[in-house]
Amino acid sequence: MGFLAGKKAVVTGIASDRSIAYGIANALAEQGASLILTYQGDKLADRVGKIGAQLGAEAVLPLDVARDEDIDTLFDSVAEYWSQIDILVHAIGFAPREALAGGYLDSISRDASNVAHDISAYSFAALAKSARPMLSDNASLITMTYLGSERAMPGYNIMGPAKASLEANMRFIAADLGPSGVRVNAISAGPIKTLAASGIEGFRDLLTRAADMAPLQRNVTQAEIGNTAAFLGSDLASGITGEVLYVDAGYNMVGAAHTANE
Ligand code: 0WD
């Protein structure tokens, strides 16, 4: 029996079987959690529906976090299956493609900034707020972030400030929900080739550089992010809240002098 047996998990952000959220859903299922997945928009309904069937999900529900009515109705729909939620995974990020190329100031605009913050950061608070009445008294909320929140990574541009906002959101939500026993954390993943990542200019170089510099001398996998989410979602992590946990083969802590081959 897995260490998440009996837990009920809502996982957002699956766009394909390369999505980080797919790795997370898979790891949660392997450890015995029951799943409800969400998909963004009709064009992903079939693909995520098939993934749901493959993972044995109890339901696959629509959620576009740009729409308040979707956020409001999601948990009404979840309540038709479950009375409580133990794990909520937010693996959603978006910025207009033109904002993820070229220099920061060249690519920035009010619209791109608003969209990136709305979809990538505010949506975590909106989901937590809406899920709150259904959260079990040892529930775990998990979001996905990236080192661009604290370092000016080339090409990451407006997603950097959006991830910084997401991490601050995570801490404020953790402070709010902590008294009721609910834990809230972020996983800061090293680069992984997914649909969203391929929109970032120079992403291939980022992958190579991260693998060269990281102490483990490689990139991380979806499965490694998934296993970390399974741990954070479980009672094994009962003392951890308000944290950013790096799953990046050690890249974030290496000084420039340790850059391999330079
Ligand atoms: O290297 C990477 N891939 C890293 C990703 C490193 C560190 C962090 N992350 C983060 C991302 O910023 C994101 O928050 O992990 C999260 C998941 O990203 P992913 O797995 O890399 O990307 P992808 O497979 O594309 O899934 C992200 C999905 C969207 O995919 P598309 O490709 O269609 O934009 O987020 C979902 C959507 O399914 N999404 C939305 N869901 C609901 N409402 C919305 C929305 N408005 N917008 C995007």
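Preceding this section is the structure that the text describes.
This write-up is about the structure you can find in this document. (Residues numbered from 1 in each chain as written. Predicted model: local features only at pLDDT ≥ 70, side-chain atom pairs only at ≥ 80, totals over all residues. Heavy atoms only, no water.)

### Brief notes about the side chain of N157
- Along the chain, N157 falls in the loop between β5 (135–145) and α6 (159–177).
- The class for N157 is buried, based on a relative accessible area of 9%.
- A distance of 3.1 Å separates the side chain of N157 from the backbone oxygen of A99, its partner in a polar contact.
- At 3.1 Å, the side chain of N157 forms a polar contact with the side chain of S107.
- In contact with N157, other than residues within four places in its own chain, are A99, L100, A101, G102, G103, Y104 and S107. (Helix = DSSP H or I, 4+ residues; strand = E, 2+ residues; numbered from the N terminus. Buried < 20%, exposed > 50% of the residue type's maximum accessible area, 1.4 Å probe, protein only. Polar contact = N/O pair within 3.5 Å; in protein donor to acceptor, adjacent residues only side chain to side chain. Contact = heavy atoms within 4.5 Å.)

### Some points on the sheet that holds strand β3 (residues 59–62)
- With respect to topology, 7 strands assemble into an open sheet ordered β3-β2-β1-β4-β5-β6-β7, the strand pairing being parallel. Of all the strands in the sheet, just β3 and β7 (244–247) have a single pairing partner and so form its edges. Geometrically, the sheet is characterised by an average inter-axis angle of 20° between neighbouring strands, direction not taken into account.
- Strand direction decides the pairing type here: strand β1 (residues 8–11) and strand β4 (residues 85–90), joined by 3 bridges, are parallel. Across the sheet, A9 pairs through a bridge with I87, a residue of β4. (Pairing = 2+ DSSP bridges. Axes fitted to C-alpha atoms, helices over the stretch in contact; angles between N-to-C directions.)

### A short note on the packing of helix α1 (residues 20–30) against helix α2 (residues 45–55)
- Here α1 crosses α2 at 20°, and the two axes come no closer than 10 Å. Of the possible angle classes, the one that applies to α1 and α2 is roughly parallel. Crossing of α1 over α2 shows right-handed handedness. Mapping the contact onto sequence places Y22, A25, N26 and A29 in α1 and I51, Q54 and L55 in α2. (Parallel < 35°, antiparallel > 145°, perpendicular 65-115°, else oblique. Left-handed = near helix turned anticlockwise from the far one by under 90°.)

### What about the nonpolar core?
- Within the largest apolar cluster, 58 residues are counted, with the highest numbers of intra-cluster contacts made by L28, L35, L37 and I225.
- Looking at this core element by element, the count peaks at 7 residues for α1.
- In terms of nonpolar packing, the next biggest core, distinct from the first, is built from 35 residues, V65, I85, A121 and A186 among them. (Core = buried A, V, L, I, M, F, W, Y, C linked by side-chain atoms within 4.5 Å.)

Geometric values such as these leave the question of function open.
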